[in-house]
Amino acid sequence: MKRDAFFDNAKFILIFLVVFGHMIQPFTQDSAIMRVSYDFIYLFHMPAFILLSGFFAKGIGNAGYIWNLTKKLVFPYIIFQGVYSAYYYLIGNASWQTPIFQPHWSLWFLLSLFSWHLLLIVFKKMPPLAGIISAVGIGIIVGYINGIGAEYSLSRTFVFFPFFLMGYWITKDQIKNLTHPIVKHVSFAIMSIVVILLVYLPSFSSHWLLGSFAFADLDQPIWGGFIRLGIYLIATILICSLFAWIPRKQYRWTNLGQQTLYVYLLHGLFIQFFREAGWFRVDHILDVFGLAILSLLIVLLLSSKTVFISFQPIIEGRLTQIKLRIMERKNRKDKQVNYQ
(Lines give C-alpha, C1' and ligand atoms only; values in the text may rest on other atoms or scores of the structure.)
Protein backbone atom coordinates (compact mmCIF):
# COMPACT_ATOMS: atom_id res chain seq x y z
CA MET A 1 0.00 0.00 0.00
CA LYS A 2 1.38 3.41 -1.01
CA ARG A 3 2.35 5.52 2.00
CA ASP A 4 0.04 8.39 2.83
CA ALA A 5 1.12 11.37 4.93
CA PHE A 6 -2.23 11.38 6.76
CA PHE A 7 -1.68 7.92 8.22
CA ASP A 8 1.99 8.46 9.08
CA ASN A 9 1.04 11.72 10.83
CA ALA A 10 -1.69 9.88 12.74
CA LYS A 11 0.67 7.10 13.82
CA PHE A 12 3.30 9.59 14.98
CA ILE A 13 0.78 11.52 17.07
CA LEU A 14 -0.65 8.32 18.53
CA ILE A 15 2.74 6.88 19.48
CA PHE A 16 3.53 10.16 21.23
CA LEU A 17 0.29 9.77 23.21
CA VAL A 18 1.28 6.20 24.08
CA VAL A 19 4.62 7.33 25.49
CA PHE A 20 3.14 10.38 27.23
CA GLY A 21 0.34 8.29 28.73
CA HIS A 22 2.84 5.83 30.15
CA MET A 23 5.02 8.70 31.38
CA ILE A 24 2.28 10.36 33.42
CA GLN A 25 0.59 7.23 34.81
CA PRO A 26 2.47 7.23 38.16
CA PHE A 27 1.24 10.76 38.89
CA THR A 28 -2.48 10.23 38.29
CA GLN A 29 -3.27 9.55 41.96
CA ASP A 30 -1.84 12.82 43.24
CA SER A 31 -2.56 15.24 40.38
CA ALA A 32 -6.00 16.08 39.00
CA ILE A 33 -4.44 17.39 35.78
CA MET A 34 -2.61 14.13 35.26
CA ARG A 35 -5.67 12.04 36.07
CA VAL A 36 -7.84 13.89 33.54
CA SER A 37 -5.08 13.82 30.90
CA TYR A 38 -4.48 10.11 31.43
CA ASP A 39 -8.17 9.16 31.31
CA PHE A 40 -8.76 11.30 28.22
CA ILE A 41 -5.80 9.78 26.36
CA TYR A 42 -6.71 6.23 27.35
CA LEU A 43 -10.28 6.62 26.18
CA PHE A 44 -9.13 6.59 22.56
CA HIS A 45 -5.40 6.33 21.89
CA MET A 46 -5.02 2.53 21.81
CA PRO A 47 -8.42 2.00 20.12
CA ALA A 48 -7.28 4.45 17.43
CA PHE A 49 -3.94 2.69 17.03
CA ILE A 50 -5.73 -0.66 16.80
CA LEU A 51 -8.18 0.69 14.23
CA LEU A 52 -5.28 1.82 12.04
CA SER A 53 -3.68 -1.62 12.45
CA GLY A 54 -6.90 -3.15 11.16
CA PHE A 55 -6.96 -0.71 8.25
CA PHE A 56 -3.53 -1.93 7.14
CA ALA A 57 -4.52 -5.60 7.44
CA LYS A 58 -6.12 -5.64 3.99
CA GLY A 59 -3.65 -8.21 2.66
CA ILE A 60 -4.68 -10.99 5.00
CA GLY A 61 -5.05 -14.37 3.29
CA ASN A 62 -2.02 -14.04 1.02
CA ALA A 63 0.39 -16.97 0.83
CA GLY A 64 2.70 -17.11 3.82
CA TYR A 65 0.72 -14.46 5.69
CA ILE A 66 0.56 -16.29 9.02
CA TRP A 67 4.26 -17.18 8.91
CA ASN A 68 5.15 -13.56 8.17
CA LEU A 69 2.97 -12.46 11.08
CA THR A 70 4.74 -14.94 13.33
CA LYS A 71 8.13 -13.52 12.36
CA LYS A 72 6.90 -9.95 12.70
CA LEU A 73 4.96 -10.25 15.97
CA VAL A 74 5.49 -13.50 17.89
CA PHE A 75 9.28 -13.70 17.58
CA PRO A 76 9.80 -10.04 18.69
CA TYR A 77 7.36 -10.70 21.54
CA ILE A 78 9.41 -13.63 22.82
CA ILE A 79 12.66 -11.69 22.43
CA PHE A 80 11.40 -8.58 24.22
CA GLN A 81 9.67 -10.60 26.93
CA GLY A 82 13.16 -11.86 27.74
CA VAL A 83 14.71 -8.41 27.33
CA TYR A 84 12.25 -6.81 29.74
CA SER A 85 12.61 -9.65 32.25
CA ALA A 86 16.37 -9.10 32.31
CA TYR A 87 15.97 -5.33 32.39
CA TYR A 88 13.46 -5.45 35.26
CA TYR A 89 15.86 -7.65 37.20
CA LEU A 90 18.68 -5.14 36.71
CA ILE A 91 16.62 -2.12 37.83
CA GLY A 92 15.04 -3.95 40.76
CA ASN A 93 11.51 -4.34 39.41
CA ALA A 94 9.90 -7.34 41.11
CA SER A 95 7.86 -8.31 38.04
CA TRP A 96 10.91 -9.67 36.22
CA GLN A 97 9.73 -13.22 36.99
CA THR A 98 6.57 -12.82 34.91
CA PRO A 99 5.79 -16.02 32.90
CA ILE A 100 6.57 -15.85 29.20
CA PHE A 101 2.95 -15.70 28.04
CA GLN A 102 1.85 -13.16 30.61
CA PRO A 103 3.03 -10.09 28.69
CA HIS A 104 5.28 -7.57 30.33
CA TRP A 105 3.52 -4.23 30.40
CA SER A 106 2.99 -2.99 26.82
CA LEU A 107 4.00 -6.22 25.05
CA TRP A 108 0.38 -7.41 25.17
CA PHE A 109 -0.16 -5.51 21.92
CA LEU A 110 2.04 -7.90 19.92
CA LEU A 111 0.18 -11.00 21.08
CA SER A 112 -3.20 -9.35 20.57
CA LEU A 113 -2.25 -8.04 17.12
CA PHE A 114 -1.29 -11.56 16.06
CA SER A 115 -4.60 -12.89 17.42
CA TRP A 116 -6.64 -10.14 15.72
CA HIS A 117 -5.25 -11.18 12.36
CA LEU A 118 -6.27 -14.76 13.06
CA LEU A 119 -9.76 -13.70 14.16
CA LEU A 120 -10.05 -11.65 11.00
CA ILE A 121 -9.85 -14.82 8.88
CA VAL A 122 -13.28 -15.74 10.27
CA PHE A 123 -14.85 -12.31 10.79
CA LYS A 124 -14.05 -10.96 7.33
CA LYS A 125 -16.43 -13.58 5.89
CA MET A 126 -19.31 -11.97 7.79
CA PRO A 127 -21.20 -8.84 6.67
CA PRO A 128 -19.35 -5.83 8.14
CA LEU A 129 -22.11 -4.62 10.48
CA ALA A 130 -22.94 -8.12 11.70
CA GLY A 131 -19.27 -8.85 12.32
CA ILE A 132 -18.70 -5.63 14.28
CA ILE A 133 -21.84 -6.16 16.39
CA SER A 134 -20.71 -9.73 17.11
CA ALA A 135 -17.23 -8.54 18.06
CA VAL A 136 -18.70 -5.93 20.42
CA GLY A 137 -20.91 -8.61 21.97
CA ILE A 138 -17.93 -10.89 22.55
CA GLY A 139 -15.95 -7.99 24.01
CA ILE A 140 -18.74 -7.43 26.51
CA ILE A 141 -19.30 -11.10 27.33
CA VAL A 142 -15.65 -11.75 28.22
CA GLY A 143 -15.97 -9.12 30.92
CA TYR A 144 -18.33 -11.45 32.75
CA ILE A 145 -15.82 -14.34 32.66
CA ASN A 146 -13.41 -14.09 35.57
CA GLY A 147 -10.89 -16.55 34.13
CA ILE A 148 -10.00 -14.38 31.13
CA GLY A 149 -7.34 -11.85 32.00
CA ALA A 150 -3.74 -10.89 31.27
CA GLU A 151 -2.41 -14.33 30.32
CA TYR A 152 -1.89 -14.60 26.56
CA SER A 153 -3.47 -11.12 26.47
CA LEU A 154 -6.83 -12.85 26.00
CA SER A 155 -9.02 -10.21 27.61
CA ARG A 156 -7.55 -7.31 25.66
CA THR A 157 -7.63 -9.34 22.47
CA PHE A 158 -11.40 -9.75 22.65
CA VAL A 159 -12.14 -6.34 24.19
CA PHE A 160 -10.25 -4.33 21.56
CA PHE A 161 -10.98 -6.54 18.55
CA PRO A 162 -14.05 -4.46 17.47
CA PHE A 163 -11.73 -1.52 16.71
CA PHE A 164 -9.42 -3.72 14.63
CA LEU A 165 -12.41 -5.04 12.70
CA MET A 166 -13.78 -1.52 12.15
CA GLY A 167 -10.38 -0.52 10.81
CA TYR A 168 -10.39 -3.46 8.41
CA TRP A 169 -13.73 -2.45 6.91
CA ILE A 170 -13.27 1.30 6.87
CA THR A 171 -12.01 2.94 3.66
CA LYS A 172 -9.43 5.64 3.15
CA ASP A 173 -12.07 8.04 1.84
CA GLN A 174 -14.24 7.49 4.90
CA ILE A 175 -11.35 8.31 7.20
CA LYS A 176 -10.32 11.36 5.23
CA ASN A 177 -13.89 12.67 5.09
CA LEU A 178 -13.53 13.21 8.83
CA THR A 179 -11.18 16.11 8.10
CA HIS A 180 -14.07 18.19 6.67
CA PRO A 181 -14.21 21.63 8.38
CA ILE A 182 -17.69 21.01 9.79
CA VAL A 183 -16.58 17.71 11.30
CA LYS A 184 -13.54 19.43 12.78
CA HIS A 185 -15.68 22.04 14.55
CA VAL A 186 -18.06 19.40 15.91
CA SER A 187 -15.20 17.15 16.99
CA PHE A 188 -13.53 19.99 18.88
CA ALA A 189 -16.75 20.59 20.78
CA ILE A 190 -17.07 16.87 21.54
CA MET A 191 -13.52 16.57 22.85
CA SER A 192 -14.00 19.68 24.97
CA ILE A 193 -17.19 18.27 26.48
CA VAL A 194 -15.46 14.96 27.30
CA VAL A 195 -12.62 16.80 29.06
CA ILE A 196 -15.09 18.91 31.06
CA LEU A 197 -16.98 15.79 32.11
CA LEU A 198 -13.76 14.12 33.20
CA VAL A 199 -12.94 17.17 35.32
CA TYR A 200 -16.29 17.55 37.05
CA LEU A 201 -17.81 14.07 37.19
CA PRO A 202 -16.77 11.68 39.98
CA SER A 203 -13.52 9.92 39.19
CA PHE A 204 -13.60 6.30 38.05
CA SER A 205 -11.05 3.51 37.90
CA SER A 206 -8.83 3.80 34.84
CA HIS A 207 -8.80 -0.01 34.79
CA TRP A 208 -12.04 0.25 32.81
CA LEU A 209 -10.01 1.65 29.91
CA LEU A 210 -7.34 -1.07 29.89
CA GLY A 211 -9.56 -3.95 28.78
CA SER A 212 -7.79 -6.48 30.96
CA PHE A 213 -10.09 -6.79 33.98
CA ALA A 214 -13.30 -8.71 34.56
CA PHE A 215 -16.33 -6.71 35.59
CA ALA A 216 -16.37 -8.40 39.00
CA ASP A 217 -12.83 -7.10 39.61
CA LEU A 218 -14.13 -3.60 38.80
CA ASP A 219 -17.02 -3.95 41.29
CA GLN A 220 -19.63 -4.01 38.52
CA PRO A 221 -20.51 -7.71 38.07
CA ILE A 222 -23.97 -6.86 36.66
CA TRP A 223 -23.79 -3.47 34.97
CA GLY A 224 -20.25 -3.83 33.64
CA GLY A 225 -21.46 -4.74 30.15
CA PHE A 226 -23.41 -1.50 29.80
CA ILE A 227 -20.40 0.49 31.00
CA ARG A 228 -18.14 -1.22 28.46
CA LEU A 229 -20.66 -0.54 25.71
CA GLY A 230 -20.61 3.13 26.69
CA ILE A 231 -16.81 3.13 26.58
CA TYR A 232 -16.95 1.59 23.09
CA LEU A 233 -19.23 4.40 21.91
CA ILE A 234 -17.18 7.18 23.50
CA ALA A 235 -13.93 5.74 22.15
CA THR A 236 -15.34 5.51 18.62
CA ILE A 237 -16.54 9.12 18.73
CA LEU A 238 -13.18 10.32 20.07
CA ILE A 239 -11.29 8.37 17.39
CA CYS A 240 -13.32 10.18 14.74
CA SER A 241 -12.70 13.47 16.53
CA LEU A 242 -8.95 12.85 16.60
CA PHE A 243 -8.78 11.90 12.93
CA ALA A 244 -10.61 15.11 12.07
CA TRP A 245 -7.56 17.04 13.27
CA ILE A 246 -4.81 14.90 11.76
CA PRO A 247 -2.98 16.99 9.12
CA ARG A 248 -2.83 15.67 5.57
CA LYS A 249 0.41 17.43 4.59
CA GLN A 250 3.89 15.99 4.58
CA TYR A 251 6.10 17.42 7.32
CA ARG A 252 9.68 16.80 8.38
CA TRP A 253 8.42 14.52 11.14
CA THR A 254 5.87 12.65 9.02
CA ASN A 255 8.18 9.81 8.02
CA LEU A 256 8.87 9.10 11.69
CA GLY A 257 5.37 7.63 11.79
CA GLN A 258 6.81 4.62 9.97
CA GLN A 259 8.83 3.57 13.04
CA THR A 260 6.06 3.31 15.62
CA LEU A 261 6.77 -0.37 16.37
CA TYR A 262 10.32 0.51 17.36
CA VAL A 263 9.12 3.28 19.65
CA TYR A 264 6.45 1.04 21.14
CA LEU A 265 8.83 -1.81 21.95
CA LEU A 266 11.73 0.28 23.22
CA HIS A 267 10.19 3.21 25.09
CA GLY A 268 9.49 1.01 28.11
CA LEU A 269 13.23 0.88 28.82
CA PHE A 270 13.05 4.61 29.56
CA ILE A 271 9.66 4.66 31.27
CA GLN A 272 10.36 1.79 33.64
CA PHE A 273 13.75 3.24 34.56
CA PHE A 274 12.16 6.61 35.36
CA ARG A 275 9.48 4.91 37.47
CA GLU A 276 12.02 2.92 39.50
CA ALA A 277 14.34 5.93 39.90
CA GLY A 278 11.53 8.27 40.99
CA TRP A 279 13.20 11.25 39.37
CA PHE A 280 10.10 13.28 38.55
CA ARG A 281 7.36 15.08 40.44
CA VAL A 282 4.32 17.00 39.27
CA ASP A 283 3.70 20.15 41.31
CA HIS A 284 2.89 22.62 38.55
CA ILE A 285 1.40 22.81 35.07
CA LEU A 286 4.93 23.37 33.76
CA ASP A 287 5.83 19.92 35.03
CA VAL A 288 3.19 18.49 32.71
CA PHE A 289 4.73 20.28 29.73
CA GLY A 290 8.15 19.08 30.82
CA LEU A 291 7.00 15.45 30.78
CA ALA A 292 5.36 16.03 27.39
CA ILE A 293 8.62 17.38 25.98
CA LEU A 294 10.57 14.46 27.44
CA SER A 295 8.06 12.05 25.89
CA LEU A 296 8.49 13.74 22.52
CA LEU A 297 12.29 13.49 22.78
CA ILE A 298 11.99 9.75 23.49
CA VAL A 299 9.78 9.33 20.42
CA LEU A 300 12.20 11.28 18.24
CA LEU A 301 15.18 9.28 19.51
CA LEU A 302 13.56 5.89 19.03
CA SER A 303 12.28 6.90 15.57
CA SER A 304 15.78 7.84 14.42
CA LYS A 305 17.71 6.05 11.70
CA THR A 306 20.39 5.02 14.17
CA VAL A 307 17.89 3.12 16.32
CA PHE A 308 16.18 1.71 13.22
CA ILE A 309 19.42 0.33 11.83
CA SER A 310 20.64 -0.95 15.19
CA PHE A 311 17.46 -2.77 16.23
CA GLN A 312 16.11 -3.97 12.89
CA PRO A 313 17.82 -7.40 13.24
CA ILE A 314 16.11 -7.90 16.62
CA ILE A 315 12.69 -6.42 15.87
CA GLU A 316 12.26 -7.44 12.24
CA GLY A 317 14.79 -10.25 11.97
CA ARG A 318 16.30 -8.57 8.93
CA LEU A 319 19.62 -6.97 8.04
CA THR A 320 18.43 -4.87 5.11
CA GLN A 321 19.41 -1.51 6.62
CA ILE A 322 22.86 -2.72 7.69
CA LYS A 323 23.46 -4.21 4.24
CA LEU A 324 22.26 -0.97 2.64
CA ARG A 325 24.70 1.06 4.70
CA ILE A 326 27.55 -1.29 3.79
CA MET A 327 26.68 -0.96 0.09
CA GLU A 328 26.50 2.83 0.38
CA ARG A 329 29.94 2.98 1.96
CA LYS A 330 31.35 0.64 -0.69
CA ASN A 331 29.88 2.79 -3.46
CA ARG A 332 31.37 5.94 -1.93
CA LYS A 333 34.80 4.31 -1.74
CA ASP A 334 34.52 3.12 -5.35
CA LYS A 335 33.64 6.65 -6.48
CA GLN A 336 36.64 8.06 -4.60
CA VAL A 337 38.95 5.52 -6.24
CA ASN A 338 37.55 6.26 -9.69
CA TYR A 339 37.86 9.98 -9.08
CA GLN A 340 41.53 9.63 -8.13
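Residues numbered from 1 in each chain as written. Predicted model: local features only at pLDDT ≥ 70, side-chain atom pairs only at ≥ 80, totals over all residues. Heavy atoms only, no water.

Regarding the pattern of salt bridges
Side chains carrying opposite charge are able to pair once their charged atoms draw close together.
Right, so step 1: Under the defined criterion, the tally for this structure stands at three salt bridges.
Right, so step 2: Between D4 and K176 there is a salt bridge, with the nearest N and O atoms lying 2.6 Å from each other. Of this pair, D4 sits in the segment before α1 (5-24) while K176 sits in helix α7 (residues 172-176), placing them 172 residues apart in sequence.
Right, so step 3: Residue classification places K176 among the buried positions, given a relative accessible area of 19%.
Right, so step 4: The shortest N-O distance in the salt bridge between D39 and R35 comes to 3.9 Å. (Salt bridge = Lys/Arg side-chain N within 4 Å of Asp/Glu carboxyl O. Helix = DSSP H or I, 4+ residues; strand = E, 2+ residues; numbered from the N terminus. Buried < 20%, exposed > 50% of the residue type's maximum accessible area, 1.4 Å probe, protein only.)

Re the nonpolar core
Right, so step 1: Formed by 97 residues in total, the largest nonpolar core has its most connected members in W116 and F243.
Right, so step 2: Among the elements that make up this core, the one with the highest residue count is helix α2 (residues 32-55) (15 residues).
Right, so step 3: The residues contacting F243, other than those within four sequence positions of it, are F6, A10, A48, L51, L52, I175, L178 and T179. (Core = buried A, V, L, I, M, F, W, Y, C linked by side-chain atoms within 4.5 Å. Contact = heavy atoms within 4.5 Å.)

Brief notes about α1
Right, so step 1: With 20 residues, α1 extends 29 Å from end C-alpha to end C-alpha; this agrees with the ideal 28 Å at 1.5 Å per step.
Right, so step 2: Structurally, the start of α1 carries an N-cap: the backbone nitrogen of F6 is 2.8 Å from a side-chain oxygen of D4. (Expected span 1.5 Å × (residues − 1). Polar contact = N/O pair within 3.5 Å; in protein donor to acceptor, adjacent residues only side chain to side chain.)

So, the packing of aromatic side chains
Right, so step 1: This model, assessed by the stated rule, comprises 35 aromatic pairs.
Right, so step 2: Taking the centre distance of 5.9 Å and the plane angle of 65° together, the rings of Y84 and Y88 count as edge-to-face. In this pair, Y84 and Y88 both sit in helix α3 (residues 65-91), four residues apart, roughly one turn of the helix. The burial state of Y84 is the same as that of Y88; both residues are buried.
Right, so step 3: Ring geometry for W108 versus W116: centroids 6.4 Å apart, planes at 80°, classification edge-to-face.
Right, so step 4: Three or more aromatic residues link up through ring pairs in this structure, and these residues are F49, W108, F109, W116, F123, F160, F161, F163, F164, Y232 and Y264.
Right, so step 5: The aromatic ring of F56 is capped on one face by K11, whose charged end is 5.8 Å from the ring centroid.
Right, so step 6: Of note, K184 hangs over the ring of W245, and the distance from its end group to the ring centre comes to 4.5 Å. (Phe/Tyr/Trp six-rings, centres within 6.5 Å; stacked < 30°, edge-to-face > 60°. Lys NZ or Arg CZ within 6 Å of the ring centre and 35° of its normal.)

Re the environment of G268
Right, so step 1: With respect to the helices, strands and loops of the structure, G268 is situated in helix α10 (residues 260-277).
Right, so step 2: Each C-alpha atom of the pair G268 and P26 lies 14 Å from the other, and the pair is 242 residues apart in sequence.
Right, so step 3: If sequence neighbours within four positions are ignored, G268 has contacts with Y84, Y87, W105 and F273.

Here's the deal with empty space enclosed by the protein
The gaps of empty space that remain are located by a probe, the size of a water molecule, rolled over the atoms.
Right, so step 1: Within this structure, the stated rule accounts for one cavity of 30 Å³ or more.
Right, so step 2: The wall of the largest cavity is formed by 13 residues, among which V159, F160, W208, L209 and I231 lie closest to the centre.
Right, so step 3: If you tally residues by element for the lining of the largest cavity, the top one is helix α9 (residues 224-244), at four residues.
Right, so step 4: Across the lining of the largest cavity, the residue classes break down as eleven nonpolar, one polar and one charged. (1 Å grid on protein atoms, 1.4 Å probe; cavity = no way out; pocket = protein on both sides within 12 Å on 5 of 7 lines; lining within 4 Å. Points joined across faces, edges and corners; volume = space filled by probe spheres on them. Nonpolar A, V, L, I, M, F, W, Y, C, P; charged D, E, K, R; others polar.)

What about unusual backbone geometry?
Right, so step 1: Here Y152, not a glycine, exhibits a phi torsion of approximately 60°, which is positive.
Right, so step 2: Turning to its location among the elements, Y152 is positioned in the loop between α5 (128-141) and α6 (154-169).
Right, so step 3: Even without glycine at this site, S153 takes up a positive phi of about 55°.

Description of the layout of surface pockets
Right, so step 1: Computed from the structure, the second largest pocket encloses a volume of approximately 890 Å³.
Right, so step 2: If you trace the second largest pocket, you find 38 residues lining it, with Y38, W105, R156, H207 and L210 closest to the centre.
Right, so step 3: Of all elements in the fold, only α1, α2, α6 and α10 reach the threshold of two or more residues within the lining of the second largest pocket.
Right, so step 4: Looking at which element gives the most residues to the lining of the second largest pocket, the answer is α2, with seven residues.
Right, so step 5: Residue composition of the lining of the second largest pocket, by class: 16 nonpolar, 18 polar and four charged.

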